Structure formats: C-alpha cells, structure tokens
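Listed below, chain by chain, are the residues.
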Amino acid sequence: MSQETEHVHCLIIGSGPAGYTAAIYAARADLKPVMYTGIVPGGQLTQTTDVENFPGYPDGVMGPEMMEDIRKQAERFGTNVRFGYITSVDFTGPVHKVVVDEHKAVTADTVIIATGASAKWLGLESEQKYNGFGVSACAVCDGFFFKGQEVAIVGAGDTAAEEATYLAKLCKKVHMLVRRDEFRASKAMVHRVLNTPNIEIHYNTETKEILGNGQNVTGIRVLNNQTSEENTIPVEGFFVAIGHKPNTDIFKGWLEMDETGYLITKPDSTETNIEGVYACGDAQDKIFRQAVTAAGTGCMAALEAERYLAAKEHAVA
Ligand code: NDP
C-alpha cells in the first residue's frame, strides 16, 4: 500500500442521486467534498431509460443524462469527483480511514455513505437482453410505460405485492408469478393483492424465458414446478421484484445494519452508530428506494456532516 495518506473534510462514497445531492450541499457549504464514484458512476439510474418522476424534468429525462446533470451541478460547486472504489474502511478513531482501489489511503473527518443497492435479477439471458425494453426492476419508475397493457411481475415479498397493486391501477392485467405455493409478504399486503381483481396469481411458477421480437417484450415462458407444465403468457412488460442487495459489505463489523445489510440510521437522521459517518440513499432505505427520496437523504447527510464539523471546530476554538 502507498505510504501517502490524503486527508479530506468530507468524503462521499457513491455517485447516485444520494451521493451527488450530498456533494452539492457539502460543496456549497465549503466542505470541499471528495467523491469516489464506485464502479458504476451515476449508480442505478445510469442503467435505466426514461425517468419521468424526478421533479424538474417536465418532459422526462433519460437516466444517464439526469445523472450527468447532477454530476455537473456537484462539480460546479467544487466537488472533486474521482473514479474509484472503496475497498476497506477503518472507523476506529475520530478520523475515519478508507482505502481506495486497495492501495490509496484517505482519511476523512466525515464520511457520507451513498453506496446504493442493487436489484436482484433472475439471471436469465433474455432478461438482460430486454432490460430497459420491457424488463424492469422498478414498477414505480416504469409502470407508467405499460398503461392499459398486460404485464407480469415475479416475486412474492412485500415489494412484489406492493408493486403488483401499483401496476394493477395502471395496467389492464397483472400476472403475478410466485415460485412457491405461498407468499412471503405480510398478511395485509397479500390481502390487498388477493382483493385486486386484475391481478392473476400463478403459484408454483418459475420464469424460464422472456420472449420478445428483438425490440420489445412480447411474452414469457413459464414452468409450473409442481406439474412440470410449460406455458406462454403474452405480456408487454416484465417486472422483477425479488429483492435488493444494499452495497454495504465493506461496512460489516463497523456499522450497524439489518440482516439484509441495510445500514441503520438514527430516527429522523442519517447518523450511523459511528460519529461523523452518515448513510443516505438506498444503502439505508429498503422501503422507498426512489431517486428523489435518495436525493433527500443525501441532502440530510451533508447538512448533518456540516453541523458536526462546525460543532467540532467550535469546540476546538
Ligand atoms: P424479500 O426478500 O422479502 O422477498 C423476495 C421475494 O422474491 C420472495 O418472495 C422470494 O421467494 C422471491 N424470489 C427470490 N428469488 C427468486 C427467484 N429467483 N425467482 C422467483 N422468486 C424469487 O424482498 P422484498 O424486496 O419484497 O422486501 C425486502 C424487505 O423490505 C422486506 O423486509 C420487506 O418486508 C420490506 N419492505 C417493506 C415494505 C413496506 O413495509 N411497505 C415495502 C417493500 C419492502 P420466496 O418467498 O420463495 O423465497
């Protein structure tokens, strides 16, 4: 490892809407933030197409374009945006240590974690092929594009149940594909699904292939794992809601997290269990997971980091 250690006031890890919003606020507060983007600069939104629910874009915007806009806004106020991946952290002392790309050491007075989460996918080749062209992992983001059409959603947890009822309001029909003979979702959510007339539940059903015409999804091939019967269901949209994995592995042992790895923050705050370390965006939010809510918590993290630094300076003076 290199012997040279750089020190920064405010280190931001991750470059989705949470990270960039934290950067805008931190830079404008003169914290001279340094951001490491992670391996997907711009985060999950760079892997989607149209974004129509982020305020300020009346005609919608492409996800990658929106993230370019936010990056430029963060850089305009002096954020130092660097491509790099944090490979380990050490939060033992009052000064926080991180290692970038396994060799560069950086110390920071405050750390804002905005590492996001990754949607889980089924792992089918055809799912990748039509991702963004009928296949989506976010019903709230993309359901609108299937207004009046027939769609399918895979999953049986709270997310799938919530998204199925959301889609049912927009779409003609929703096929819900449940791999076992029961739901994992809470009773209340299941009750809502069962009482929505245009949701058809297919129990014991696995997706084998997403069918398409080369440009759009046209259907799915499914297997009943009890009868071994295969079927084709014609749909124009296919939603995957089988869970997310927060990108928080490097914080294990340092920060409090739930059993899935979502970072635990104090109520009405982005503070973690370590002073000066804040968590925002999808790394700590398993409920809403929207760009705008991530941006909101990014703002909170920067404001809290600023207050913390100001209080520390005041104590020293
Ligand atoms: P979960 O892990 O709870 O559920 C994932 C679901 O996907 C399970 O039903 C699982 O099936 C299914 N699944 C997993 N892999 C596959 C696969 N390869 N093929 C088919 N199905 C698969 O994830 P959620 O995102 O639903 O929820 C995460 C957490 O967030 C939970 O704690 C949930 O309660 C919470 N949440 C709360 C909400 C709220 O309170 N409003 C809203 C959304 C989430 P199986 O059951 O067979 O394992």
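A short tour of the structure in this document, coming up. None of these values were measured; they are calculated from a predicted model.

**Notes on the pairing of strand S15 (residues 217-224)**
Here is step 1 of the chain: Alignment of strand S14 (residues 205-212) against S15, held across 7 bridges, turns out to be antiparallel. Residue pairing across strands places Glu209 opposite Arg221, the latter belonging to S15.
Here is step 2 of the chain: Bridge count for S15 against strand S16 (residues 230-233) is 4 bridges, and the pairing is antiparallel. Paired with Ile220 across the two strands is Ile233, which belongs to S16.
Here is step 3 of the chain: In textbook terms, the turn of a hairpin is the stretch between consecutive antiparallel strands, and for S15 and S16 this stretch comprises 5 residues, one of which, Ser228, has a positive phi near 65 degrees.

**Focus on the side chain of His175**
Here is step 1 of the chain: As for its placement among the helices and strands, His175 is situated in strand S12 (residues 173-177).
Here is step 2 of the chain: Of note is the side chain of His175, whose polar atom sits 2.9 Å from the side chain of His202.
Here is step 3 of the chain: When residues no more than four places from it in sequence are discounted, the contact partners of His175 are Glu150, Val151, Ala152, Ile153, Glu200, His202, Ile233 and Val235.

**What to know about the nonpolar core**
Here is step 1 of the chain: Membership of the largest hydrophobic core comes to 30 residues, with the highest contact counts inside it found for Ile12, Met66 and Ile112.
Here is step 2 of the chain: Elements that contribute at least two residues to this core include exactly strand S1 (5-13), helix H1 (17-28), helix H2 (63-76) and helix H7 (291-316).
Here is step 3 of the chain: Every residue in contact with Ile12, bar those within four places of it in the chain, is listed here: Gly19, Ala22, Ala23, Pro33, Val34, Met35, Tyr36 and Ile112.
Here is step 4 of the chain: Counting 23 residues, the second-largest nonpolar core is a separate cluster that includes Ala160, Met176, Ile201 and Phe239.

**Observations regarding the site of the ligand**
Here is step 1 of the chain: Close contacts around the ligand come from 15 residues, with Asp158, Thr159, Arg179, Arg180 and Arg184 the closest.
Here is step 2 of the chain: Here an oxygen atom of the ligand and a backbone polar atom of Ala156 are 3.2 Å apart.
Here is step 3 of the chain: In the model, an oxygen atom of the ligand is placed 2.7 Å from a nitrogen or oxygen of the Arg180 side chain.
Here is step 4 of the chain: Here the ligand, which alone exposes 910 Å², has 73% of that area covered by the protein.

**Remarks on the sheet that holds S14**
Here is step 1 of the chain: Taken together, the 3 strands give an open sheet; going across it, the order is S14-S15-S16, and neighbouring strands pair in antiparallel fashion. Edge strands, defined here as strands with exactly one partner in the open sheet, are S14 and S16. Averaged over neighbouring strand pairs, the angle between their axes works out to 25 degrees when direction is ignored.

The rules we used
Residues numbered from 1 in each chain as written. Predicted model: local features only at pLDDT ≥ 70, side-chain atom pairs only at ≥ 80, totals over all residues. Heavy atoms only, no water. Pairing = 2+ DSSP bridges. Helix = DSSP H or I, 4+ residues; strand = E, 2+ residues; numbered from the N terminus. Polar contact = N/O pair within 3.5 Å; in protein donor to acceptor, adjacent residues only side chain to side chain. Contact = heavy atoms within 4.5 Å. Core = buried A, V, L, I, M, F, W, Y, C linked by side-chain atoms within 4.5 Å. Buried < 20%, exposed > 50% of the residue type's maximum accessible area, 1.4 Å probe, protein only. Near = heavy atom within 4 Å. Areas by Shrake-Rupley, 256 points an atom, 1.4 Å probe, with all protein chains shown as cover. Axes fitted to C-alpha atoms, helices over the stretch in contact; angles between N-to-C directions.

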